[in-house]
Amino acid sequence: MTKQSYPSPSLPSRSSRSLLSAAISCVSDYDSDALPVSHAQAIIRDCITPIHAIEKVAIRTALDRVLAIDIISPINVPAYDNSAMDGYAFHSESLCADGDTLLSVIGTSHAGRAHQGPVAPGQAIRIMTGAPMPDGLDTVIPQEFVSAFNGDVTESNDANGSSQLPRSKPFITIAAGAVRAGANRRLAGEDLQAGAAALKKGRILRPADLGLLASLGIAEVPVQRRLRVAFFSTGDELRSVGEALDPGCVYDSNRYTLYGMLRRLGCDIIDLGVVADDPAALEIAFKSAADNADAIITSGGVSVGDADHTRQMMAQLGEVAFWKLGMRPGRPLAFGTINSSNKPAVFFGLPGNPVAVMVSFYFFARDALLHMMGAQPAPLPLMQVTSASIIRKKPGRTEYQRGILIRHESGRWSVRPTGAQGSGILRSMTEADCMIVLAHDQRDVAIGDQVEVILFNGLI
Ligand code: AMP
Ligand code: MG
């Protein structure tokens, strides 16, 4: 495997920086008490530019990485005409239109070991799945659709043309109409033609893609270098796992959920721990994060009520908008850039409450980070299922409720919320297997109404 590094990115570019200023200032034109989720998502998307840093890796290492170029197939797939079945290959013109067809079997074509020599009309060869079709043969009949038998034949095949003793030779008969001309043959290039696009730039490579690359004989591919994301938790009340839990304190769980979500996205992570609500400590943490990372994620200290230095420090060290979003959970969100000595880093200041952190990450940071990675992910599918519960919902905000899917005997699915939906109840996230997404204008949901859900898990 060769590893090639390309120049470090500068983030965001000059033009996106001014875009960011414009985006941030234009937000003041909106109801600052309820910036719609879709609007905030659009602003973030407009401000994000992909990093330009590529490395070449062996295809196994490319799993879950973002493909940095279009892959053009260097060969036809399949590379040659071959059989789709175990059976017998022959010329379709040998088929009798109105009766049984009798063919003599003169050889065998195995996958990797082709039959050599011509096959005349009236003749067939035994052929295995994937074995090359001899030149001129266009049809394969599966072995279970023929009658095979040995017949006594007399052939004159010695050098003098003199007659030989009769010997046993295999034949097959094919019933009229048992097979169509051209059946069960896979044509060269029918899956992918040489020169056609096999995989598109921006794709996050999945197991099937690794197989496809291997099937094209490609051993290494250029991928985007991993995104570096620094994160820390803010709050004087936070204690790290392993420390004693002093009165009035809580264990810091956000760094663990963030760790999990960032790892799942394939980021390189820089965990800067818990940072107290102290200007000097915050400044050091932010500067170190901006120096070393493409993006910074913090939790806590962005709510209006926060009598802390965190907001001030964010505003002082970069260009940051503090939003109050029309959503639940996760109303406050800070977004912008934090400057370091040489470059700005994209910044997400997530709320402190553990569920709000996860929801804000999934519905704001995730998409932005994927775009910074150069990925072009399809939007997350929203599935419609029936609500098994009454769900109270006020219009004017998007709600992300934690849901549990229920499979009914009929095969249909419904969903119910996990119970109390407080933004601090992390247990509700572990119990849930989906998010119920209640759109901005949605009102109360009755039992039997359709609601949209996003599943947590899929095939991997
Ligand atoms: P804040 O957004 O800083 O006002 O925090 C809101 C709530 O989330 C408070 O109850 C905090 O104690 C809690 N919280 C903040 N950060 C964390 C964290 N890292 N882990 C667990 N709870 C947190
Ligand atoms: Mg706080």
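Before reading on, note that the structure itself is shown above.
How each quantity is defined
- Residues numbered from 1 in each chain as written.
- Chains lettered and ligands numbered in written order.
- Predicted model: local features only at pLDDT ≥ 70, side-chain atom pairs only at ≥ 80, totals over all residues.
- Heavy atoms only, no water.
- Helix = DSSP H or I, 4+ residues; strand = E, 2+ residues; numbered from the N terminus.
- Buried < 20%, exposed > 50% of the residue type's maximum accessible area, 1.4 Å probe, protein only.
- Contact = heavy atoms within 4.5 Å.
- Areas by Shrake-Rupley, 256 points an atom, 1.4 Å probe, with all protein chains shown as cover.
- Near = heavy atom within 4 Å.
- Polar contact = N/O pair within 3.5 Å; in protein donor to acceptor, adjacent residues only side chain to side chain.
- Nonpolar A, V, L, I, M, F, W, Y, C, P; charged D, E, K, R; others polar.
- Pairing = 2+ DSSP bridges.
- Axes fitted to C-alpha atoms, helices over the stretch in contact; angles between N-to-C directions.
- Parallel < 35°, antiparallel > 145°, perpendicular 65-115°, else oblique.
- Left-handed = near helix turned anticlockwise from the far one by under 90°.
- Bend = angle between axes of the 7 residues up to and from the residue.
- Core = buried A, V, L, I, M, F, W, Y, C linked by side-chain atoms within 4.5 Å.
- Domains from an automatic or database assignment.
- Salt bridge = Lys/Arg side-chain N within 4 Å of Asp/Glu carboxyl O.
- Phe/Tyr/Trp six-rings, centres within 6.5 Å; stacked < 30°, edge-to-face > 60°.
- Lys NZ or Arg CZ within 6 Å of the ring centre and 35° of its normal.

Bringing the overall build of the chain into the picture now. Assigned secondary structure in the chain consists of eight helices and 26 strands. In the chain, buried positions account for 45% of the 460 residues. Counted over contacts in the chain with a minimum sequence separation of 6, partners at least 24 positions apart contribute 71%. When the accessible surface of the chain is summed, it comes to about 22,600 Å², and 51% of that surface belongs to carbon and sulfur atoms.

Every one of the 16 residues lining ligand 1 counts as a neighbour, but Glu237, Asp252, Ser253, Gly301 and Gly352 are closest to it. One nitrogen or oxygen atom from the side chain of Asn254 is found 3.1 Å from a nitrogen atom belonging to ligand 1. Asn353 is positioned such that a nitrogen or oxygen atom in its backbone is 3.2 Å from an oxygen atom of ligand 1. About the coverage of ligand 1: the protein hides 78% of its 480 Å² of free accessible area. Tallied by class, residues from the shell around ligand 1 come to four nonpolar, nine polar and three charged.

What follows deals with the pairing of strand β14 (residues 228–234). Extensive coverage of β14 is indicated by the burial of six of its seven residues. Both β14 and strand β17 (residues 268–275) contribute to a ladder of six bridges, which runs parallel. Note on β17: the bridge partner recorded for Val229 is Ile269. Sheet analysis places β14 next to strand β18 (residues 295–299), joined by five bridges and oriented parallel. The residue bridging Phe232 from the neighbouring strand is Thr298, located in β18.

With that settled, consider the packing of helix α5 (residues 279–292) against helix α6 (residues 310–317). Where α5 contacts α6, the axes come no closer than 10 Å and their chain directions differ by 45°. One way to sum up the angle between α5 and α6 is to call them oblique. Crossing handedness for the pair α5 and α6: right-handed. Across the interface between the two elements, Pro279, Leu282, Glu283, Phe286 and Lys287 of α5 pack against Thr310, Met313, Met314 and Leu317 of α6. Here the contact of α5 with α6 is built from residues that sort into six nonpolar, one polar and two charged.

We now examine helix α7 (residues 354–372). Where α7 bends most, at Phe361, the angle is about 45°. Looking at the residues trailing α7, positive phi occurs at Gly374, about 85°.

Looking now at the nonpolar core. The biggest cluster of nonpolar side chains holds 47 residues, and the ones touching the most others in it are Ile44, Ile297, Trp323, Phe348, Phe361, Phe364 and Leu369. In terms of residue count, the dominant contributor to this core is α7 (12 residues). Residue contributions to this core reach at least three from each of two domains, namely domain 1 (16–53 + 226–372) and domain 4 (383–455). Setting aside residues up to four positions removed in sequence, Ile44 forms contacts with Trp323, Leu333, Phe335, Phe348, Phe364 and Ala368. Residues Phe232, Leu282, Val320 and Ala334 belong to the second largest nonpolar core, which totals 19 residues.

Helix-helix packing is described using two parameters, namely the angle between the two axes and the distance between the axes. Interhelical geometry of helix α2 (residues 37–47) versus α7 gives an angle of 20° and a closest axis separation of 10 Å. By the angle between their axes, α2 is roughly parallel relative to α7. Here the hand of the crossing between α2 and α7 comes out right-handed. Along the contact surface, α2 presents Val37, Ala40, Gln41, Ile44 and Arg45, while α7 presents Phe363, Phe364, Asp367, Ala368 and His371. When grouped by side-chain class, the residues that make up the contact of α2 with α7 number six nonpolar, two polar and two charged.

Moving on, we get to the pattern of salt bridges. Side-chain pairs of opposite charge can arise where the charged atoms are in close proximity. If you walk through the whole model with that rule in mind, you get 11 salt bridges. For Arg203, the salt bridge identified is with Asp209, shortest N-O distance 2.8 Å. With a shortest N-O distance of 3.0 Å, Asp294 and Arg225 are connected by a salt bridge. With Asp294 in the loop between α5 and β18 and Arg225 in the loop between β13 (220–224) and β14, this pair connects stretches of sequence that are 69 residues apart. For Asp294, a relative accessible area of 3% corresponds to the buried category. In this structure, a network of salt bridges that share partners links the residues Asp252, Arg255 and Asp271.

Here we take up the packing of aromatic side chains. Under the defined criterion, the tally for this structure stands at seven aromatic pairs. Aromatic pair Phe149 and Phe171: ring centres 5.7 Å apart, planes at 15°, arrangement stacked. Remark: Phe171 occurs in strand β10 (residues 167–174) and Phe149 occurs in strand β9 (residues 146–153); sequence separation between them is 22 residues. Note on Phe149: relative accessible area 37%, which makes it partly exposed. Members of the aromatic cluster, each reached through a chain of ring pairs, are Phe232, Phe286 and Phe347. Over the face of the ring belonging to Tyr88 we find Arg126, whose NZ or CZ atom lies 5.2 Å from the ring centre. Cation over ring: Arg311 sits above Phe322, and NZ or CZ is 4.4 Å from the ring centre.

Once that is clear, we can look at unusual backbone geometry. The amide bond that connects Val77 to the next residue, Pro78, takes the cis arrangement and shows omega of -5°. When you line up the elements, Pro78 lands in the loop between β3 (71–72) and β4 (82–83). Looking along the chain, the bond that leaves Arg328 and enters Pro329 is cis, with omega of -5°. Mapped onto the elements, Pro329 comes out in the loop between β19 (318–328) and β20 (332–339).

This part covers the side chain of Thr310. Structurally, Thr310 is set in helix α6. What makes Thr310 buried here is its relative accessible area of 1%. Polar contacts involving the side chain of Thr310 include one to the side chain of Asp277, which spans 3.3 Å. Setting aside anything within four residues of it in sequence, one finds Thr310 in contact with Thr234, Asp277, Leu282, Gly300 and Gly301.

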